[in-house]
Amino acid sequence: MRNQSIYSQAPVTMTGGMTMGSREIAALTEKRHFDVVRDIERMFEQLGEDVQGCAQNFVHPQNGQQYREYRLDRAHTECLITGYSAMLRMKIIRRLRELEGTTAPLPQTLPEALRLAADMAEKNAQLANKVQQDAPKVAFVNQYVEAAGNKSLRETAKILNMPEKAMIDTLVRDKVLFRQSGNLLPHALRQRDWFFTVKTGTSDFGHAYTQTRVTPRGVQWIAERYASELMGG
């Protein structure tokens, strides 16, 4: 089975309208695709609409695994980016205008059709190569992350082959974790995403303790978000 192209280089018509894929939105805004998918799902939940109508499978060219992605019409694309910065909104708006301007007439002759097909194949190959280079080390995570059981921050760093201090400093830098009274705690948003849990108790010596634990979903999220920055080769 042939892999689907990663981005569309021309507007795709679905139910009579132009759409933009979540992966292209992620590339234009320089956001992680995981985060864009999360933003889309939250938006549809707030709108009271079914996001599955926009869902489709993406077969990764590097590991052959399937991942979810979404295609949004113009209205939902513009709704999604209202919460982004002005600079990111402008990138999407310019791309939408480019897509509107690419509605060229269909080729009328065989040479024109072959030339168009060759141009599209070359562009798709270039984009596929870029995604391969930027792809997180998902295969590594799938091999070592267990299906159940929460991990300490130290265990998480070891599983992902990340320097523990660098991983913690990065999570604090990006406001995923924060320090309070000598403890590292997750921000509420990341707990609601089921990335972290906080374990409290009393030690054998009678001392109360608080420990942040990383869920399997959180381990995967850290790997996807920080693979290129922190994971060893």
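See the structure shown above.
If you're wondering where the values come from, they're calculated on a predicted model, not measured in any experiment.

S.K.: Can you walk me through the packing of aromatic side chains in this structure?
M.R.: Aromatic ring pairs are defined here through the distance separating the ring centres and the angle between the ring planes. Enumeration according to the criterion identifies three aromatic pairs in this entry. Members of the aromatic cluster, connected to one another through ring pairs, are Phe 34, Phe 195, Trp 221 and Tyr 226.

S.K.: Sorry if this is basic, but what is going on with the side chain of Arg 190 here?
M.R.: Note that Arg 190 resides in helix 9 (residues 188–192). Overall, Arg 190 belongs to the buried group, its relative accessible area being 11%. Residue contacts for Arg 190: discarding those within four places in its chain leaves Arg 38, Val 176, Phe 195, Phe 196, Trp 221 and Arg 225.

S.K.: Please clarify how unusual backbone geometry should be interpreted in this entry.
M.R.: For residues other than glycine, phi is negative in most cases, and the peptide bonds are mostly trans. Positioned with a positive phi, Glu 30 is a non-glycine residue whose angle comes to about 60 degrees. Its identity is not glycine, yet Ser 181 carries a phi of approximately 55 degrees, on the positive side. Residue position: Ser 181 is located in the loop between strand 6 (177–180) and strand 7 (183–186).

Rules used throughout
Residues numbered from 1 in each chain as written. Predicted model: local features only at pLDDT ≥ 70, side-chain atom pairs only at ≥ 80, totals over all residues. Heavy atoms only, no water. Phe/Tyr/Trp six-rings, centres within 6.5 Å; stacked < 30°, edge-to-face > 60°. Helix = DSSP H or I, 4+ residues; strand = E, 2+ residues; numbered from the N terminus. Buried < 20%, exposed > 50% of the residue type's maximum accessible area, 1.4 Å probe, protein only. Contact = heavy atoms within 4.5 Å.

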